[in-house]
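Notes for the structure review
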Amino acid sequence: MRQLKLSRAFTLMESGPVVLVTTHDGKKSNIMTLSWTMVLDFTPVFAITTGEWNHSYAALRKNRECVIAIPTVDMLDKVVRIGTCSGADTDKFAKFRLTPVPGKVVKAPLIKECLANIECKVVDIVRKHNIVVLEGVAAYVDPARKEKRTVHAVGDGTFIVDGRRLDRRKMMASRLPAGL
Ligand SMILES: Cc1cc2nc3c(=O)[nH]c(=O)nc-3n(C[C@H](O)[C@H](O)[C@H](O)COP(=O)(O)O)c2cc1C
């Protein structure tokens, strides 16, 4: 094996799906792009890493809710642009022609054009590492959508698209919750 720069180690681990996170600050809705995400267990509890360098963070901290929206590969350029401008001076729903849809529980909107959406409440913030722990309270998927492939950030500006699905359900049966 050849030595890899330690500063690139995260690119070996990074590739969860890139998501959009919407917030509502009481007046306006906003969207940010996120790739630092983590599923914590079999329950709908997730961790994201973000902080006050983003405009979204103030709304996330104040109202303690958001929506995780799952975009697909056909939306990649939009997703990157959403993650390279700020809601402080841009109405991203208007600029990127995305449709906000009211959720059932939280004030942050779902994104109609995405494959799926999860309404979430903030249950914990670990300030030392900028970790925000979210609990999903409602989830939706668009069954009519043809493109279902998500994208995965390597972390250096390149992305990996979903490929083949491999089934090892039988091998994992003893470790999967019943009915999953
Ligand atoms: C592909 C991609 C992934 C990103 N992942 C994260 C992330 O995981 N956490 C984070 O804080 N910012 C992340 N960003 C940066 C934010 O999306 C960006 O700072 C955005 O402008 C914040 O918007 P806001 O200021 O309107 O909240 C990412 C950006 C891109 C393009």
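The text that follows walks through the structure, step by step, so that each part is easy to find. Along each chain, residue indices are assigned from 1 in the same order as the chain's sequence is written. Only residues with pLDDT of at least 70 are given local features in this predicted model, and only at 80 or more are side-chain atom pairs given and counted; all residues enter the totals for whole chains, interfaces and linings. Based on all heavy atoms of the structure, the side-chain values leave hydrogens and waters out of the count.

Glancing now at the nonpolar core. Joining through side-chain atoms within 4.5 Å is the link that ties buried Ala, Val, Leu, Ile, Met, Phe, Trp, Tyr and Cys residues into a set, and such a set is a nonpolar core. Each residue gets one of three labels from its accessible area relative to the maximum for its type: buried under 20%, exposed over 50%, partly exposed in between, using a 1.4 Å probe on protein chains only. Formed by 18 residues in total, the largest nonpolar core has its most connected members in Val21, Leu60, Ile68, Val132 and Leu134. In this description a helix means any DSSP run of H or I spanning at least four residues, a strand means any run of E spanning at least two, and both kinds are numbered starting from the N terminus. In terms of residue count, the dominant contributor to this core is strand E8 (residues 116-126) (five residues). Apart from the residues within four sequence positions on either side, leucine 60 is in contact with Thr23, Ile48, Thr50, Glu65, Cys66, Val122 and Val132. The next biggest cluster of nonpolar side chains, apart from the first, holds 15 residues, and it includes Leu20, Ala69, Met75 and Phe96. Working rule for contacts: check all heavy atoms of both residues, and any pair within 4.5 Å makes them a contact.

The rule for pairing is simple: two strands pair if DSSP sees at least two bridges between them. On the basis of which strands lie adjacent, the open sheet formed by seven strands has the order E2-E1-E5-E8-E9-E4-E3 and antiparallel pairing. Each of the sheet's edge strands pairs with one partner strand only, and the pair in question is strand E2 (29-34) and strand E3 (37-39). Direction aside, the axes of adjacent strands within the sheet are offset by 30° on average. Of the pairings in the sheet, the one linking E3 to strand E4 (residues 45-49) comprises three bridges and is antiparallel in character. From the neighbouring strand, valine 39 faces E4, where its bridge partner is phenylalanine 46. The convention used is that axes are lines fitted to C-alpha atoms, helices contributing only their stretch in contact, and that angles between N-to-C directions extend from 0 to 180 degrees. Strands in contact with helix H2 (residues 56-63) are strand E1 (19-24), E2, E4, strand E5 (65-70), E8 and strand E9 (131-141); relative to E1, the strand with the most contacts, it is inclined by about 60°.

For the rest of this paragraph, the subject is the pattern of salt bridges. The salt bridge definition used is simple: a Lys or Arg side-chain nitrogen within 4 Å of an Asp or Glu carboxyl oxygen. Taken as a whole and judged by the stated rule, the model has five salt bridges. Residue aspartate 156 is joined to arginine 8 by a salt bridge in which the shortest nitrogen-to-oxygen separation is 3.1 Å. Of the two residues, aspartate 156 is situated in the loop between strand E10 (151-153) and strand E11 (159-161) and arginine 8 in the segment before helix H1 (10-13); the sequence distance between them amounts to 148 residues. A relative accessible area of 36% places aspartate 156 in the partly exposed class. Residue arginine 8 is classed as partly exposed on the basis of its relative accessible area of 34%. In this structure, lysine 121 engages glutamate 65 in a salt bridge whose closest nitrogen and oxygen atoms are separated by 3.6 Å. In this pair, lysine 121 is assigned in strand E8 and glutamate 65 in strand E5, connecting sequence segments 56 residues apart.

Inspection of the secondary structure puts leucine 20 in strand E1. Along the primary structure leucine 20 and lysine 112 are separated by 92 residues, whereas in three dimensions their C-alpha atoms are 12 Å apart. Not counting residues within four places of it along the chain, the set of residues in contact with leucine 20 comprises Ile31, Met32, Thr33, Val67, Ile68, Ala69, Pro71, Val79, Ile82, Ile111 and Cys114.

This part is about the site of the ligand. Only a single heavy atom is needed: when it lies within 4 Å of a molecule or strand, its residue is near that molecule or strand. Residues in contact with the ligand amount to 20 residues; listed here are only the nearest, Thr33, Asn54, Ser56, Cys85 and Gly87. Polar contact criterion, stated in full: a pair of N or O atoms within 3.5 Å, where within protein one must be able to donate a hydrogen and the other to accept it, and residues adjacent in sequence count only if both atoms are side-chain atoms. In the model, an oxygen atom of the ligand is placed 3.4 Å from a nitrogen or oxygen of the tryptophan 53 side chain. At 2.5 Å from an oxygen atom of the ligand is found a side-chain nitrogen or oxygen belonging to asparagine 54. Elements supplying a minimum of two residues to the shell around the ligand: E2 and helix H3 (76-82). No other element matches the four residues that E2 contributes to the shell around the ligand. Gly is placed with the polar residues, together with every amino acid not listed as nonpolar (Ala, Val, Leu, Ile, Met, Phe, Trp, Tyr, Cys and Pro) or charged (Asp, Glu, Lys and Arg). Along the lines of polarity and charge, the residues of the shell around the ligand split into eight nonpolar, 11 polar and one charged.

Keep in mind that these numbers describe shape and distance, not what the molecule does.
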